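# Structure at a glance
Given next are the chains, with one letter for each unit.
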Amino acid sequence: MFEFAAVTYGLLASVILSAAQRNHRMERPHPPMLLYTGYMLCGLSAGVAVILAYIALSQFIGG
């Protein structure tokens, strides 16, 4: 299950970043769905980073 989530996240991030880069290079505005998905990925990444930092800190302090 984790592998599927990791591959899906990686594929989605790759598509979103390449589309944003292409639009920036062509000086076109980003479609709203691209922005929403990008913000969703950014929030998901930040949330997972906070959760993993909390787990690492609790393991370090707790023993």
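See above for the structure.
Presented here is a report on the structure given in the accompanying data block. Per chain, the residues get numbers from 1 upward, laid out in the order the sequence is written. Owing to the predicted nature of the model, reporting of local features is limited to residues with pLDDT of at least 70; listing and counting of side-chain atom pairs is limited to 80 or more, with chain, interface and lining totals taken over all residues. Side-chain metrics rest on all non-hydrogen atoms present in the structure, leaving aside hydrogens and water.

### A closer look at the overall build of the protein chain
Helix numbers and strand numbers start at the N terminus; a helix is a DSSP run of H or I with at least 4 residues, a strand a run of E with at least 2. The number of helices and strands found in the protein chain is two helices and zero strands. The principal-axis extent of the C-alpha atoms belonging to the protein chain is close to 55 × 20 × 15 Å. Residue exposure (1.4 Å probe, protein chains only): buried if accessible area is under 20% of the type maximum, exposed if over 50%, otherwise partly exposed. A burial count over the protein chain gives 11% of its 63 residues as buried.

### Observations concerning the nonpolar core
Take the buried Ala, Val, Leu, Ile, Met, Phe, Trp, Tyr and Cys residues and link them wherever side-chain atoms come within 4.5 Å; each set so joined is a nonpolar core. Core analysis: the biggest nonpolar cluster contains five residues, these being A13, I16, A19, L34 and L41. Among the secondary structure elements, those contributing two or more residues to this core are α1 (2-25) and α2 (32-62). We call two residues in contact when some of their heavy atoms are within 4.5 Å. Sequence-distant contacts of L41, that is, excluding residues within four places in its chain, are made with Y9, L12, A13 and I16.

### Examining the environment of I61
With respect to the element layout, I61 can be found in helix α2. Judged by its relative accessible area of 66%, I61 falls in the exposed class. For I61 and E3, which are 58 residues apart along the polypeptide, the C-alpha to C-alpha distance reads 29 Å.

### So, the side chain of N23
Within the fold, N23 resides in helix α1. In this view, N23 contacts R28, P29, H30, P31 and L34; residues no more than four positions away in its chain are not counted.

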